[in-house]
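For reference, the chains in residue letters:
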Amino acid sequence: MTFVQLIDCRTNRFDEMDRLMDTWVEQTKGKRTATHAVVGKDRSDASHFIEIVEFPSYEEAMRNSNLPETGKVFQELVALCDEMPTFTDLDVVRDDTLYASTARRFFDAIAMHGELPPLDGLIAQDYHDHDPSNEQDTMGMDAMRREVEMWRAGFDFAFRIEDQICQDDRVCTRWTWNGTHKGDFMGIPATGRNVTMTGTTIHRCTADGKIAEAWWEYDRLGLMGQLGALDALEI
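Residues numbered from 1 in each chain as written. Predicted model: local features only at pLDDT ≥ 70, side-chain atom pairs only at ≥ 80, totals over all residues. Heavy atoms only, no water.

## Remarks on the overall build of the chain
Then, number 1: Helix and strand counts for the chain stand at six helices and ten strands.
Then, number 2: At 25 Å, the chain has a C-alpha radius of gyration far larger than the 18 Å of a compact globule built from 235 residues.
Then, number 3: The principal-axis extent of the C-alpha atoms belonging to the chain is close to 75 × 40 × 30 Å.
Then, number 4: A sequence separation of at least 24 residues applies to 62% of the contacts in the chain between residues at least 6 apart.
Then, number 5: Between the centroid of the 24 positive side chains of the chain and the centroid of its 43 negative side chains there is a distance of 1 Å. (Helix = DSSP H or I, 4+ residues; strand = E, 2+ residues; numbered from the N terminus. Rg over C-alpha atoms; globule rule 2.2 N^0.38 Å. Contact = heavy atoms within 4.5 Å. Lys, Arg positive; Asp, Glu negative; His and termini not counted. Charge placed at Lys NZ, Arg CZ, Asp CG, Glu CD.)

Shown next as structure tokens:
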């Protein structure tokens, strides 16, 4: 279970504290167990700071606390604070990465059987799509729907999400695509073959949670080979 520690402190010497944290990061390379740290400043009180530190588990957090470098830095941290900092230990019981959820809903929506559902809640009207297999970028909601419908006309398919990595407004999704070739695709009549393809998509999301831009990389050549389009090139 993921574990989070909140460190609540007051200081008018934040710059010194910030440099102290940099020193700790440098000294604990290869030893520390913390995976993510965020420092926030109170908008209504410039001396009030909260640091949020994430660990894989409570046990890993305790290992981190027992490092001699951590003990030394803690004493120096206390000396920089106006009063004794407080610590709150939290077991994470729910962790939603909202943009990652939006990306997952997008992949589910375009693979849904039956009529393509409205994408207004997922995609911005001025959506911009970068696909190296297209001569020109796909621009706008309507153009994106036409692109999706081309794939849906050629295949019954589904995505399996392998990994997702989120940073700021970007979500990187590594996926596996499995489909059955049921209709014309790129001039290739239906073969009935079961085909598979791997790829990665980076989505940029807006503040209201919609997808504004996407970059695609996938094994289209491998797909065409499975459909028999490359047979004439074999020696």
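More follows now that the structure is in view.
## Quick notes on the pairing of strand β1 (residues 3-10)
Then, number 1: Here β1 pairs with strand β3 (residues 48-55) via eight bridges, running antiparallel. By the bridge assignment for β3, Leu-6 is matched with Ile-52. (Pairing = 2+ DSSP bridges.)

## Notes on the layout of surface pockets
Then, number 1: Taken as a whole, the largest pocket encloses approximately 630 Å³ of empty space.
Then, number 2: What lines the largest pocket is a set of 28 residues, among which Ile-7, Met-21, Trp-24, Glu-51 and Val-53 lie closest to the centre.
Then, number 3: Looking at the lining of the largest pocket, the elements with two or more residues in it are β1, α1 (14-27), β2 (36-41), β3, α2 (58-65) and α3 (68-80).
Then, number 4: Counting residues per element, the lining of the largest pocket draws most heavily on α1, which supplies seven residues. (1 Å grid on protein atoms, 1.4 Å probe; cavity = no way out; pocket = protein on both sides within 12 Å on 5 of 7 lines; lining within 4 Å. Points joined across faces, edges and corners; volume = space filled by probe spheres on them.)

## Quick notes on the sheet that holds β1
Then, number 1: Pairing in this open sheet of four strands is antiparallel, and the strands run β2-β3-β1-β4 from one edge to the other. Sheet topology places β2 and β4 (86-91) at the edges, where each strand pairs with a single neighbour. On average, each strand axis in the sheet is tilted by 15° relative to the strand beside it, whichever way the strands run.
Then, number 2: In this structure, β2 lies alongside β3, joined through six bridges in antiparallel fashion. What sits directly across from His-36, in β3, is Glu-54. (Axes fitted to C-alpha atoms, helices over the stretch in contact; angles between N-to-C directions.)

## Here we look at the sheet that holds strand β6 (residues 138-139)
Then, number 1: Reading across from one edge, β6-β5-β10-β9-β8-β7 is the order of the six strands in this open sheet, with mixed pairing throughout. Each edge of the open sheet is held by one strand with a lone partner, namely β6 and β7 (155-167).
Then, number 2: As paired strands, strand β5 (residues 123-130) and β6 are joined by two bridges and run antiparallel to one another. Bridge assignment links His-128 to a residue of β6, and that residue is Met-139.
Then, number 3: Packing of helix α4 (residues 98-111) onto the sheet brings it into contact with β5, β7, β8 (170-181), β9 (194-205) and β10 (211-218), and relative to β7 it is tilted by some 170°.

## Digging into the packing of aromatic side chains
Then, number 1: The full count for this structure, using the stated rule, is 19 aromatic pairs.
Then, number 2: Taking 6.1 Å as the distance between ring centres and 80° as the angle between the ring planes, the aromatic pair formed by Phe-107 and Trp-216 counts as edge-to-face. Here Phe-107 is found in helix α4, whereas its partner Trp-216 is found in strand β10, with 109 residues between them in sequence.
Then, number 3: By relative accessible area, Phe-107 is classed as buried at 1%.
Then, number 4: Aromatic pair Phe-159 and Trp-175: ring centres 5.2 Å apart, planes at 90°, arrangement edge-to-face. One end of the pair, Phe-159, is in strand β7; the other, Trp-175, is in strand β8, with 16 residues separating them in the sequence.
Then, number 5: For Trp-175, a relative accessible area of 2% translates into the label buried.
Then, number 6: In this structure an aromatic cluster arises from ring pairing among Phe-106, Phe-107, Trp-151, Phe-155, Phe-157, Phe-159, Trp-175, Trp-177, Phe-185, Trp-216 and Tyr-218. (Phe/Tyr/Trp six-rings, centres within 6.5 Å; stacked < 30°, edge-to-face > 60°. Buried < 20%, exposed > 50% of the residue type's maximum accessible area, 1.4 Å probe, protein only.)

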